[in-house]
Amino acid sequence: MDYRPDQHFYPQRGTSFGVMEERLTPLRVSTVRTRELGAELRLARTRLKVPAEHVSRSLGWSLGRLSRLEHGERGTNELDLGALLGQLGVDKATKERVRLLARERDLGHYLRSHEGKLSDNLLSLAIHEQSAVTMHKYEPMVIPGLLQTEAYARAVIELHGVESPDELETFVDARMRRQSVLTSPNPPGTVFYIHEISLLSRIGNARIMHDQVMRLRFMCDWPRLTLRVIPMSAPGHPALMRGFNLMTFAEPVNPVAYADTDAATVFTEDPDSIKLYQRKRNALATLALDAEQSRSTFAHWADFYDLRGDRDDEGADLA
């Protein structure tokens, strides 16, 4: 589905994914799948602009039952799900997507296809980034999407290949909206590990690179945000091979990590896999420069691109 990051259907950061009005059934620990299923159902209801009280009353459910389902804290069966979808009047595509989610097994790993788009559009990615208490993210070859200027993002997305200018703008808009997670009133405590090769590898022209690196320099002063550069002089390590994002949440939600491929994103909450990503995070921390050294590195690369001589007269994009 095409998710817009300005659709704030997820819970406030630092709280549980659900609100328990009553406990007719035992509280269950939600999973990546049940939270995505609940978000799909809540989006369908909010698009219809129908209060939860009205839906629950029409189905003969308690308000707490619907709330727990929308927040991933209880399961459902085919009969109840069909009744709810009928009440919400969802289209065929949404109905099929929700039914597939409901039938999927919780095995600790979840594959989400990009469906010819980019990971920015994934609902599961949005609800977890927006609800995370902490994030540790690494990208090996490009500036992470959450840190990109609009011009840099446009240049990167063009290199992916798009079918039309309208599609390009749709993808750029999704990436820019997704960045709201870092500027919210209560952002997650986030550490980005940025390999210096991504500062050297030119995307677009020198102006785009200068403005991008300057933005990173300015972002060093943002609250609850730490940028750490892994220098090209750092020794080789397997942790440098592939990007990831390791997220933690308010209890009782378990940590989640995700990694992108060209065609899909893999989410994991399997405890052994989480330990692997924790080891990767710890390895990157030993390889990276500290925050002040990283700030100086950004300033160096900004000067480098400023001296390239091919910056145009267009205004700087330092949002």
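Just so it is clear, the model here is predicted, and its values are computed rather than measured.

### Some words on the overall build of the protein chain
In terms of helices and strands, the protein chain carries 12 helices and seven strands. Split into buried and exposed, the 319 residues of the protein chain put 52% on the buried side. The long-range share in the protein chain, meaning contacts at least 24 apart out of those at least 6 apart in sequence, stands at 79%.

### Let's talk about the packing of helix α7 (residues 150-160) against helix α8 (residues 165-178)
A pair of packed helices is characterised by two quantities: the angle between their axes and the separation of those axes. In the contact formed by α7 and α8, the axes pass within 10 Å of each other and the chain directions differ by 130°. The pairing of α7 with α8 is recorded here as oblique in orientation. Crossing geometry of α7 relative to α8 is assigned as right-handed. Judged by residue contacts, E150, A153, R154, V156, I157 and E158 of α7 engage L168, E169, F171, V172, R175 and M176 from α8. In the contact of α7 with α8, the residues fall into seven nonpolar, no polar and five charged.

### Regarding the sheet that holds strand β4 (residues 225-230)
Pairing is mixed across the open sheet formed by seven strands, whose spatial order is β1-β7-β6-β5-β2-β3-β4. Looking at the sheet topology across the chains shown, the edges are occupied by β1 (109-113) and β4. Adjacent strand axes in the sheet meet at a mean angle of 15°, parallel and antiparallel pairs treated alike. In terms of strand pairing, strand β3 (residues 189-195) meets β4 through six bridges, oriented parallel. Looking at β4, one finds that V191 is bridged to T226. On top of the sheet, helix α11 (residues 271-287) reaches β1, β2 (134-139), β3, β4, β5 (244-248), β6 (256-260) and β7 (264-268); it is set at about 110° to β5, its chief contact.

### Section: the nonpolar core
For soluble globular proteins, nonpolar side chains are generally found buried alongside one another. If you look at the biggest cluster of nonpolar residues, it comprises 41 residues, and the most contacted ones within it are L147, L227 and F298. Listed by contribution, the elements that provide at least two residues to this core are α7, β3, α10 (206-219), β4, β6 and α12 (291-306). The greatest single-element share of this core, amounting to seven residues, is contributed by α10. Among the nonpolar cores identified, the runner-up in size contains 17 residues, and I230, A239, L284 and A288 belong to it.

### Quick word on the confidence of the model for the protein chain
Taken residue by residue, the protein chain gives an average pLDDT of 88. The fraction at 70 or more is 88%. Low confidence marks residues 1-10, where pLDDT is under 50. Its contacts with residues over four positions away, or in another chain, come to 32 contacts. Here residues 18-27 is modelled with pLDDT under 50, and outside its nearest four sequence neighbours on either side it reaches 19 contacts, counting other chains as well.

### Side note on the pairing of β3
Where burial is concerned, most of β3 is hidden: seven out of the seven residues are buried. Alternating positions in β3 separate into two faces, G189, V191, Y193 and H195 on one and T190, F192 and I194 on the other, with burial throughout. In this structure, β2 lies alongside β3, joined through six bridges in parallel fashion. Across the sheet, residue Y138 finds its bridge partner in β3, namely Y193.

### Quick word on the pattern of salt bridges
Taken as a whole and assessed by the stated rule, the structure comprises 20 salt bridges. For E40, the salt bridge goes to R97, with nearest N and O atoms at 2.7 Å. Of this pair, E40 sits in helix α1 (residues 32-48) while R97 sits in helix α5 (residues 92-103), and the two are 57 residues apart along the sequence. Among the residues examined, R97 registers a relative accessible area of 25% and is labelled partly exposed. Note that R177 is salt-bridged to D173, the shortest N-O span being 2.8 Å. In this pair, R177 and D173 are both assigned in helix α8, four residues apart and thus about one turn of the helix distant. R177 sits in the partly exposed class, given a relative accessible area of 28%. When salt bridges that share partners are traced, they join D120, E129, R175 and R178 into one network.

The rules behind the values
Residues numbered from 1 in each chain as written. Predicted model: local features only at pLDDT ≥ 70, side-chain atom pairs only at ≥ 80, totals over all residues. Heavy atoms only, no water. Helix = DSSP H or I, 4+ residues; strand = E, 2+ residues; numbered from the N terminus. Buried < 20%, exposed > 50% of the residue type's maximum accessible area, 1.4 Å probe, protein only. Contact = heavy atoms within 4.5 Å. Axes fitted to C-alpha atoms, helices over the stretch in contact; angles between N-to-C directions. Parallel < 35°, antiparallel > 145°, perpendicular 65-115°, else oblique. Left-handed = near helix turned anticlockwise from the far one by under 90°. Nonpolar A, V, L, I, M, F, W, Y, C, P; charged D, E, K, R; others polar. Pairing = 2+ DSSP bridges. Core = buried A, V, L, I, M, F, W, Y, C linked by side-chain atoms within 4.5 Å. pLDDT = per-residue confidence, 0-100. Salt bridge = Lys/Arg side-chain N within 4 Å of Asp/Glu carboxyl O.

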